[in-house]
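Results of the structural survey
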Amino acid sequence: MPINYLNIEKGYAIFNGNEANVVPHSHHAFEFFLNDTVSFDVVVENECLHNIKNILIAPDVTHEYLGNPKNYTIIFIDPEFININSFFNSSFKNLKNALELDSLIKANNISSDLLKKDLITNLNKVRKPENLLDSRIIKCLTSIEERLNNGPLSLDSFAKDVHLSTSRLYHLFKHETGISIRRYILWSRLKKAIVGLKEGESITNASYMGGFSDVAHFSRTFKKMFGVSPSSIFKD
């Protein structure tokens, strides 16, 4: 999966690639897969969708692209920071697994390139208002970001910060964000390591920047979430 372009901002990332030869994977982000070239098949939670060019995948949904589409853009949107419902004046609140976007593009008489430009233009305008989340979870999310550099990243420490039991925080966090706090911490570590790779760090150094025990642990996590190994995108 050669990389042509990668931009990472708070709440989203934009990736341009040449190939999408991946294994089944899932990650905690909305994923817009956009291309104007060839149709391909997508397997979403064991259901095969045929002749797709553009699709939106929901967070934490296992998916795989078949047919090795080329010259595409993927926009990853972190659901904790960007209000996905602000796009297209329509609601994705009930999005379960995936939404085929080709019919939306056709109905609005636009191209996937124009859709991409519209998404990118509006990303920084649709930050999620903090009052949409429980204040204790907002504090927890902030603490996770702050402690990625120097822990502790333990459930006990976060529970103490917000004056909840560990079990209550665990259930409240998942209810508010749709993901367990442990998986969210892993997702945050992975994002931090990817930022290091983008800035030119070796895979080894980026692994430790993200708090992974070793390169093997980082590589397994990366492949599980993105379907490819980091070495296939970033070279030491």
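This text follows the structure it describes.
Rules of the game
Residues numbered from 1 in each chain as written. Predicted model: local features only at pLDDT ≥ 70, side-chain atom pairs only at ≥ 80, totals over all residues. Heavy atoms only, no water. Pairing = 2+ DSSP bridges. Helix = DSSP H or I, 4+ residues; strand = E, 2+ residues; numbered from the N terminus. Axes fitted to C-alpha atoms, helices over the stretch in contact; angles between N-to-C directions. Buried < 20%, exposed > 50% of the residue type's maximum accessible area, 1.4 Å probe, protein only. Arc of directions from axis to C-beta. Contact = heavy atoms within 4.5 Å. Parallel < 35°, antiparallel > 145°, perpendicular 65-115°, else oblique. Nonpolar A, V, L, I, M, F, W, Y, C, P; charged D, E, K, R; others polar. Expected span 1.5 Å × (residues − 1). Polar contact = N/O pair within 3.5 Å; in protein donor to acceptor, adjacent residues only side chain to side chain.

1. Topic: the sheet that holds strand E7 (residues 63-66)
- As summarised here, the arrangement of the 3 strands in space is E5-E4-E7, forming an open sheet in which the pairing is antiparallel. Two strands bound the open sheet, and with one partner strand each, they are strand E5 (47-52) and E7. Each adjacent strand pair in this sheet contributes to an overall mean axis angle of 20°, direction not counted.
- Bridging between strand E4 (residues 40-44) and E5 involves 4 bridges; their strand directions are antiparallel. Bridged to Val 42 within E5 is Leu 49.

2. Some remarks on helix H2 (residues 112-122)
- Within the sequence span of H2, burial applies to Ser 112, Leu 115, Lys 116 and Leu 119. Take H2 and look down its axis: the buried residues cluster within an arc of 100°, on one side only.
- Where H2 is buried, its residues touch strand E3 (30-34), strand E8 (72-77) and helix H1 (102-107).

3. Section: the side chain of Ser 207
- Topologically, Ser 207 is positioned in helix H7 (residues 203-209).
- Here Ser 207 falls in the buried class, since its relative accessible area comes to 0%.
- Once residues lying within four places of it in the same chain are set aside, the contact partners of Ser 207 are Phe 212, Asp 214, Val 215 and Phe 218.

4. Comments concerning the packing of helix H3 (residues 135-147) against helix H5 (residues 166-177)
- In contact at an axis separation of 10 Å, H3 and H5 are set at 95° when each is read in the N-to-C sense. By the criterion of interaxial angle, the relationship of H3 to H5 is roughly perpendicular. Contacts between H3 and H5 involve Arg 136, Ile 137, Cys 140, Leu 141 and Ile 144 on the former and, on the latter, Leu 169, Leu 172, Phe 173, Glu 176 and Thr 177.
- Of the residues that constitute the contact of H3 with H5, the class distribution is 7 nonpolar, 1 polar and 2 charged.

5. A word on unusual backbone geometry
- In this model, Asn 51 sits at a positive phi of 55°, which is unusual for a non-glycine residue.
- Tracing the chain through its elements places Asn 51 in strand E5.

6. Remarks on helix H8 (residues 215-226)
- Counted at 1.5 Å a residue, the expected span for H8 with its 12 residues is 16 Å, and the 16 Å between its end C-alpha atoms agrees.
- The set of residues buried in H8 consists of Phe 218, Thr 221, Phe 222, Met 225 and Phe 226. Viewed end-on, H8 has its buried residues packed into an arc of 105°, placing them on one side of the element. Exposed and facing more than 90 degrees away from the buried side of H8 are Arg 220 and Lys 224.
- In this structure, the buried side of H8 is in contact with E8, helix H6 (181-198) and H7.
- Its side-chain oxygen 3.2 Å from the backbone nitrogen of Ala 216, Asp 214 forms the N-cap of H8.
- Residue Gly 227 follows H8 closely and has a positive phi angle near 85°.

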